[in-house]
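# Examination of the molecular architecture
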Amino acid sequence: MKQLLFFCALVLSVFSVHAQTNTWTGAVNQNWSTGGNWSLGLPTDTHDVVIPTGSTVNLNTTAAINSIDVQGTVTINMTGTLDFIATSTFSSGTTFNWSTGTLTGGGTLTNNGTMILLTSSNKSIAGGTVLNNAGTLN
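A few points on the structure. (Residues numbered from 1 in each chain as written. Predicted model: local features only at pLDDT ≥ 70, side-chain atom pairs only at ≥ 80, totals over all residues. Heavy atoms only, no water.)

Helix and strand content of the chain: one helix and 15 strands. Per-residue burial over the chain gives 33% buried out of 138 residues. Considering only intrachain contacts with a sequence separation of at least 6, the fraction spanning at least 24 residues in the chain is 19%. As displayed, the chain offers around 7,200 Å² of accessible surface, 57% of which is attributable to carbon and sulfur atoms. (Helix = DSSP H or I, 4+ residues; strand = E, 2+ residues; numbered from the N terminus. Buried < 20%, exposed > 50% of the residue type's maximum accessible area, 1.4 Å probe, protein only. Contact = heavy atoms within 4.5 Å. Areas by Shrake-Rupley, 256 points an atom, 1.4 Å probe, with all protein chains shown as cover.)

In structure tokens form, the structure reads like this:
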């Protein structure tokens, strides 16, 4: 019995869950909610999302992910919810147009770019999420 328990513990440790990298391709359109715009299909909470330079993304849904790494010159237009649990970063070239929605999930987001809070009262940071602003907040 002890051997079986040890074997099960060993198997579980070998197959522990690690986040997969899911990269934005923008192959179909600019909408986050389109599975064909992603290297692994629509991101889930087991994905570390990477958005490469030159991209424009309309975050038009509730996106539950592990983390987000926005690289280079990127424009994100948010009208949905970004739910992330791990440390995340917007590069210095990022423009984040925040119309409505929520940053949530308990992760820490470091903004090195420009966050523009567009006219609307429907924006929030919730669930223990931290926003470190090292960039510009308009």
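Sheet architecture is open: four strands sit in the order β4-β7-β10-β13, paired in parallel fashion. The open sheet has two free edges, formed respectively by β4 (62–65) and β13 (123–125), since each of these has just one partner strand. When strand polarity is set aside, the average angle formed by the axes of neighbouring strands in this sheet is 10 degrees. Two elements, β4 and strand β7 (residues 81–84), share four bridges in a ladder whose sense is parallel. (Pairing = 2+ DSSP bridges. Axes fitted to C-alpha atoms, helices over the stretch in contact; angles between N-to-C directions.)

With that settled, the discussion passes to the side chain of Ser67. As for its placement among the helices and strands, Ser67 is situated in strand β5 (residues 67–70). The buried category is assigned to Ser67, whose relative accessible area is 10%. Other than its neighbours up to four places away in sequence, Ser67 contacts His47, Asp48, Val49, Phe84, Ala86, Thr87 and Ser88.

Before going further, it helps to examine the pairing of β5. Bridging between strand β2 (residues 47–51) and β5 involves four bridges; their strand directions are parallel. Bridge pairing in β5 places Asp48 opposite Ser67. The pairing of β5 with strand β8 (residues 88–90) spans two bridges and is parallel. Bridging from a neighbouring strand, Asp69 pairs with Thr89 of β8.

By size, the foremost hydrophobic cluster in this structure holds 22 residues, and its most contacted members are Trp32, Ile51, Ile68, Ile76, Leu82, Phe96 and Leu103. For this core, the secondary structure elements donating two or more residues are β2, β3 (56–59), β4, β5, β6 (74–78), β7 and β9 (94–98). The dominant element in this core, judged by the number of residues it contributes, is β6, at three residues. The residues touching Ile51, leaving out its near neighbours within four places in the chain, are Trp24, Trp32, Val57, Ile68, Asp69, Val70, Gln71, Val74 and Ile76. (Core = buried A, V, L, I, M, F, W, Y, C linked by side-chain atoms within 4.5 Å.)

Here strand β11 (residues 108–111) shows one buried face, formed by Leu109 and Asn111, and one open face, formed by Thr108 and Thr110. Inspection of the sheet shows β8 paired to β11 by three bridges, in the parallel sense. Pairing of Phe90 across the sheet is with Asn111, part of β11. As defined by bridge partners, β11 adjoins strand β14 (residues 130–133) across four bridges and the pair is classed as parallel. Bridging across to β14, Thr110 finds its partner in Asn132.

Reading across from one edge, β3-β6-β9-β12-β15 is the order of the five strands in this open sheet, with parallel pairing throughout. Single-partner strands in this sheet number two, and they are β3 and β15 (136–137).

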